[in-house]
Amino acid sequence: MVRLGGDVEFPEVHPEQVAALARRRDLPALLDRHVPLGPDQSAVRLGVRRTDFAHVVRLGWVAEVSRVWVDWGKANGGTVEVPLYSAREVALLPVVRPGVDWAALRRTVPGRRSLLAALTPAAPGQDVVSLDDVARIAGVKRAAVTSWRRTLPGAPPPAAGSRTRPLFDRSAVAAWLLTHGKITVPTTALES
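The structure contained in this document is the topic of the report that follows. (Residues numbered from 1 in each chain as written. Predicted model: local features only at pLDDT ≥ 70, side-chain atom pairs only at ≥ 80, totals over all residues. Heavy atoms only, no water.)

**Quick notes on the nonpolar core**
- Counting 16 residues, the largest nonpolar core has Leu177 and Ile183 as the members making the most contacts within it.
- Top element by residues in this core is helix 7 (residues 131–138). It accounts for 5 residues.
- Each residue touching Ile183, except ones within four places of it in the same chain, is listed here: Leu92, Val95, Ile137, Ala138, Ala174, Leu177 and Leu178.
- Ranked by size, the runner-up nonpolar core spans 15 residues in total, among them Val48, Leu93, Val100 and Trp102. (Core = buried A, V, L, I, M, F, W, Y, C linked by side-chain atoms within 4.5 Å. Buried < 20%, exposed > 50% of the residue type's maximum accessible area, 1.4 Å probe, protein only. Helix = DSSP H or I, 4+ residues; strand = E, 2+ residues; numbered from the N terminus. Contact = heavy atoms within 4.5 Å.)

Structure below.
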């Protein structure tokens, strides 16, 4: 976008460009790719409590992409370092984790223990899914996934399991399915 004026703190931008950007149908997808979310924003995006999102992080389902320093003022705790998460990865959680009852998680009232509290994090490199899990993620039957593995380029190789029961890295599967349009990034917290 073309900046107008020289004020770094309050840059003016070309109004027609702002209007054109606001009209784009793919604006939510653009923001998901380029704007990271803090923990509170991530919880809102998922439609869950902040404590539930803390469990998502503990489980290793999302990893921080960067950190920023935020100055809340001396009366509000001063300057704190805040982790940031990929909006796209946060939005994809209900898609790539179909075994979680996201609707029940969203209904959990304050003061109740998180449904995620009892889950154990997967060891690094061990967040794997079966062909049945891949089918559940994509919302298809297992036969469709088997066909896609033969016909679509870039199918992730097995990361574990056996020849007859291969297991695949969950993030590699999600990337492959996204690349081929077999799953989409939800635009609201209510899609799950």
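**A few points about the sheet that holds strand 7 (residues 166–169)**
- The sheet built from 3 strands is open, its strands ordered 5-7-6 with antiparallel pairing. Looking at which strands have only one partner, the edges of the open sheet turn out to be strand 5 (128–129) and strand 6 (160–161).
- Relative to strand 7, strand 5 is paired through 2 bridges, and the arrangement is antiparallel. Paired with Val128 across the strands is Asp169, a residue of strand 7.
- Each of strand 5 and strand 7 touches helix 9 (residues 170–179); the most contacted strand, strand 7, lies at about 75° to it. (Pairing = 2+ DSSP bridges. Axes fitted to C-alpha atoms, helices over the stretch in contact; angles between N-to-C directions.)

That is the geometry; function is a separate question.
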